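Summary of the model geometry
The primary structure of each chain is shown beneath.
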Amino acid sequence: MSRPALKIRSWPLTILYYLLPFGALKPLTRVGWRPMSRVALYKSVPTRLLSRAWGRLNQVELPTWLRKPVYSLYIWTFGVNMKEAAVEDLHHYRNLSEFFRRKLKPQARPVCCVHSVISPSDGKILNFGQVKNCEVEQVKGVTYSLESFLGPRISTEEMHFSQAPTGNSFQQQLVTKEGNELYHCVIYLAPGDYHCFHSPTDWTVSHRRHFPGSLMSVNPGVARWIKELFCHNERVVLTGDWKHGFFSLTAVGATNVGSIRIYFDQDLHTNSPSYSKGSYNDFSFISNNNKEGIPMRKGEHLGEFNLGSTIVLIFEAPKDFKFNLKAGQKIRFGEALGSL
């Protein structure tokens with residue numbers, strides 16, 4: 001029997017191994033069979049294909065009589081507050097995709113004008129703090145590589161702030177001003193949350209990097225389970241600068257969230273059927289006609305997910321920058337993350 005055949009046949013056996021009680025299949029391990037690990041089994045699930053299928057299902061127009069019961073079930077399951085929606089009438093939303101991407105009433109999310117960095121979205125704070133040893137925590141105790149997550153450093157010719165001093169580490173190279181530190185904040189968007197995201201501060205976007213990776217769940221439970229989960233998943237990294245130096249916002253895709261849209265980037269197409277694992281593609285917003293990049297004002301609409309996912313902010317700021325957060329707290333778009 002060939003090795004590939006063994007792997008294929010181990011799929012159902014492995015599933016049964018973990019589902020059946022009292023170790024019913026343990027005798028097989030005595031003759032040399034070994035089940036796949038739970039992590040390997042999960043990684044082998046075709047989440048990209050499933051997400052594309054889910055995306056097509058989301059686009060199917062529902063009959064008017066079916067819309068209210070379908071959306072009401074979703075509202076009840078995930079605790080959606082429809083009183084905040086710009087359009088409360090459930091019959092208005094032709095399909096699930098429109099309902100997921102519903103807009104809010106203008107007064108529903110006042111933007112804090114006092115603090116320097118606000119939450120770009122609704123969600124739950126998974127982690128925040130200073131970046132240390134070129135690693136970032138996705139959840140408490142589980143880290144990922146800063147360079148693996150952002151990819152190789154972008155050429156200073158594509159960035160219009162002053163050239164950073166050459167350092168011994170990737171982290172040091174991102175810090176452009178003496179005395180600054182690198183900070184991060186991770187926000188998880190649950191299925192019931194508002195799915196648009198906004199600019200967290202006044203900054204200029206110079207570059208976009210798209211990683212067409214996996215689409216595994218970014219639920220905090222899974223994030224504790226799979227190391228470097230955010231580095232495996234499809235993501236869109238926007239980099240640029242704010243008044244204190246380097247600034248980046250990364251939208252991380254997840255299962256059933258293959259669609260990441262950036263409003264000013266019409267060339268971006270996520271969850272494509274063909275992709276090369278570990279690859280990425282770059283796009284610069286600086287050109288002969290646009291020397292500055294894309295200016296964004298704090299609170300301005302930036303993009304949207306289909307369903308929920310994760311936003312990761314990585315930025316430099318002076319050493320006296322302070323987060324006004326607690327790990328695990330719920331936060332809403334427009335509320336303060338931190339300030340000087």
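Here, every reference points to the structure presented above.
Below is a short write-up of the structure.

Rules used throughout
- Residues numbered from 1 in each chain as written.
- Predicted model: local features only at pLDDT ≥ 70, side-chain atom pairs only at ≥ 80, totals over all residues.
- Heavy atoms only, no water.
- Helix = DSSP H or I, 4+ residues; strand = E, 2+ residues; numbered from the N terminus.
- Buried < 20%, exposed > 50% of the residue type's maximum accessible area, 1.4 Å probe, protein only.
- Contact = heavy atoms within 4.5 Å.
- Areas by Shrake-Rupley, 256 points an atom, 1.4 Å probe, with all protein chains shown as cover.
- Pairing = 2+ DSSP bridges.
- Axes fitted to C-alpha atoms, helices over the stretch in contact; angles between N-to-C directions.
- Core = buried A, V, L, I, M, F, W, Y, C linked by side-chain atoms within 4.5 Å.

Moving on, we come to the overall build of the protein. When helices and strands are tallied, the protein shows 10 helices and 17 strands. Here the protein, with 340 residues, has 50% of them falling under the buried criterion. Taking the intrachain contacts of the protein between residues at least 6 apart in sequence as the baseline, contacts between residues at least 24 apart amount to 75%. Of the roughly 16,800 Å² of accessible surface on the protein, 55% is carried by carbon and sulfur atoms.

Right, let's talk about the sheet that holds strand S15 (residues 322-323) for a bit. Strand pairing in a sheet relies on backbone hydrogen bonds. The paired strands run either parallel or antiparallel. What the 3 strands build is an open sheet, ordered S1-S17-S15; its pairing is antiparallel. The sheet is open, and its two edges are formed by strand S1 (117-118) and S15, each paired on a single side. Two strands pair when backbone bridges link them, and S1 and strand S17 (residues 336-339) are joined in this way by 2 bridges, in the antiparallel orientation. Looking at the pairing, Val117 lines up with Gly338 of S17.

The next point concerns the pairing of strand S2 (residues 123-130). As defined by bridge partners, S2 adjoins strand S16 (residues 330-331) across 2 bridges and the pair is classed as antiparallel. By the bridge assignment for S16, Lys124 is matched with Lys330. Where S2 and strand S5 (residues 180-188) come together, 6 bridges link them in antiparallel fashion. From the neighbouring strand, Asn127 faces S5, where its bridge partner is Val186.

Let us look at the sheet that holds strand S10 (residues 260-262). The 3 strands are arranged S6-S13-S10 in an open sheet whose pairing can be described as antiparallel. Each edge of the sheet is formed by a strand with only one pairing partner; in this case those strands are strand S6 (196-198) and S10. Averaged over all adjacent pairs, the angle separating strand axes in this sheet is 20 degrees, with direction ignored. Across 3 bridges, S10 lies against strand S13 (residues 301-305) in antiparallel orientation.

By size, the foremost hydrophobic cluster in this structure holds 32 residues, and its most contacted members are Phe197, Trp203, Ile311, Leu313, Phe315 and Leu337. Broken down by secondary-structure element, the contributors of at least two residues to this core are S5, strand S7 (203-211), strand S8 (235-242), strand S9 (245-252), S10, strand S12 (294-296), S13 and strand S14 (310-318). Per element, the largest residue contribution to this core is 4 residues, and it comes from S14. Ignoring anything within four residues of it in the chain, the contact list for Phe315 reads Glu181, Leu182, Tyr183, Trp242, Phe246, Phe247, Phe321 and Phe323.

A separate point is unusual backbone geometry. The phi angle at Asn133 is positive, at roughly 55 degrees, despite the residue not being glycine. Within the secondary structure, Asn133 sits in the loop between S2 and strand S3 (135-139).

Most of S5 sits inside the fold, with 8 of its 9 residues counted as buried. As judged from the 9 bridges shared by S5 and S14, these two strands associate in the antiparallel manner. Paired with Glu181 across the two strands is Ala317, which belongs to S14.

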